[in-house]
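Descriptive structure summary
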Amino acid sequence: MSVNKVILVGNVGRDPEIRHLDSGVAVANFPLATSESYTAKNGEKVTTTEWHNIVLWRGLAEVAEKYVTKGRQLYIEGRIRTRSYDDKDGVKKYITEIYGDVMQMLGSPGNSQGGGSSDSEMASSKPTPQVNEPDVEEPEGDEDLPF
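Just so it is clear, the structure is predicted and the values come from calculations on it, not from any experiment. (Residues numbered from 1 in each chain as written. Predicted model: local features only at pLDDT ≥ 70, side-chain atom pairs only at ≥ 80, totals over all residues. Heavy atoms only, no water.)

The next point concerns the pattern of salt bridges. Applying the stated criterion to the full structure yields three salt bridges. Between Asp101 and Arg79 there is a salt bridge, with the nearest N and O atoms lying 3.1 Å from each other. Of this pair, Asp101 sits in strand S6 (residues 92-106) while Arg79 sits in strand S5 (residues 73-86); the two residues are 22 residues apart in sequence, bridging distant segments of the chain. Considered together, Asp101 and Arg79 belong to a single accessibility category, that of buried residues. A salt bridge links Arg83 to Glu97; the shortest N-O distance between them is 3.0 Å. Taken as a pair, Arg83 in strand S5 and Glu97 in strand S6 lie far apart in primary sequence, 14 residues in all. Overall, Arg83 belongs to the partly exposed group, its relative accessible area being 39%. (Salt bridge = Lys/Arg side-chain N within 4 Å of Asp/Glu carboxyl O. Helix = DSSP H or I, 4+ residues; strand = E, 2+ residues; numbered from the N terminus. Buried < 20%, exposed > 50% of the residue type's maximum accessible area, 1.4 Å probe, protein only.)

Given below as structure tokens:
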């Protein structure tokens, strides 16, 4: 058995890019920043930021299109996928993406501090098998968020 599960809480780096496939299925792509701070030996506070490529399908993509904007704090639960493509010069490139299965909007729109205020909304994918699209499994149970 193996597990491929990612949980991120971070801020949206730019408004989502939404595409609609020929079959009518919506796909949203956007970067999500997660930051970590620590104090160095010299007493200086150091913050490092990691950028994650988020991909949402179907209903989640439609929710993102309507409500997700740059700066919004999000909870994303999903799995890691790495794919390759050839760039314009024919060089093979690799990209690692987070395929989101669950998304929760935290705080107020555009509020980078978040905190799960009363306007938080939870959305999850409702998979329908389709050709040439990733299989998405419905999350099991109504587990509490880790915060």
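The side chains of a regular strand alternate, residue by residue, between the two faces of the sheet. Where strand S1 (residues 6-12) and S5 come together, six bridges link them in antiparallel fashion. Among the inter-strand pairings, Asn11 is bridged to a residue of S5, identified as Gln73. (Pairing = 2+ DSSP bridges.)

Another aspect to go through is the side chain of Arg79. Of the residues examined, Arg79 reaches a relative accessible area of 12% and is grouped as buried. For Arg79, the side chain forms a polar contact with the side chain of Asp101, separated by 3.1 Å. (Polar contact = N/O pair within 3.5 Å; in protein donor to acceptor, adjacent residues only side chain to side chain.)

Bridge count between S1 and strand S3 (residues 26-39): two bridges; the pairing is antiparallel. Counterpart to Val12 in the pairing with S3 is Leu32. Linking two consecutive strands that pair antiparallel, namely strand S2 (residues 17-20) and S3, is a turn of five residues; a positive phi of about 95° is found at Gly24 within it. As paired elements, S3 and strand S4 (residues 45-57) share 13 bridges and run antiparallel to each other. Paired with Ser37 across the bridge in S4 is Thr47. From the end of S3 to the start of S4, which pair antiparallel, there are five residues, and Gly43 there has a positive phi angle of about 90°.

In this structure the tally under the stated criterion is one aromatic pair. Ring geometry for Trp57 against Tyr99: centres 6.4 Å apart, planes inclined by 40°, an arrangement best described as tilted. One end of the pair, Trp57, is in strand S4; the other, Tyr99, is in strand S6, and 42 residues separate them in sequence. You can call Tyr99 buried: its relative accessible area is 10%. (Phe/Tyr/Trp six-rings, centres within 6.5 Å; stacked < 30°, edge-to-face > 60°.)

Moving on to the confidence of the model for the protein. The share of residues in the protein with pLDDT of 70 or more is 73%, and the mean pLDDT across the chain is 82. Note on residues 112-121: pLDDT under 50 across the span, and 26 contacts to partners over four residues away in sequence or across chains. The low-confidence segment residues 126-147, where pLDDT is below 50, has 35 contacts with residues more than four positions distant or belonging to other chains. (pLDDT = per-residue confidence, 0-100. Contact = heavy atoms within 4.5 Å.)

Judged by nonpolar contacts, the single largest core of 18 residues is most densely connected at Leu32, Ile54, Leu56, Val68, Leu74, Ile76 and Met103. Of all the secondary structure elements, the ones that give two or more residues to this core are S1, S3, S4, helix H1 (58-67), S5 and S6. The element best represented in this core is S3, accounting for four residues. Leaving out residues up to four positions away in the same chain, Leu32 has contacts with Leu8, Gly10, Asn11, Val12, Glu50, Trp51, His52, Ile54, Leu74 and Ile76. (Core = buried A, V, L, I, M, F, W, Y, C linked by side-chain atoms within 4.5 Å.)

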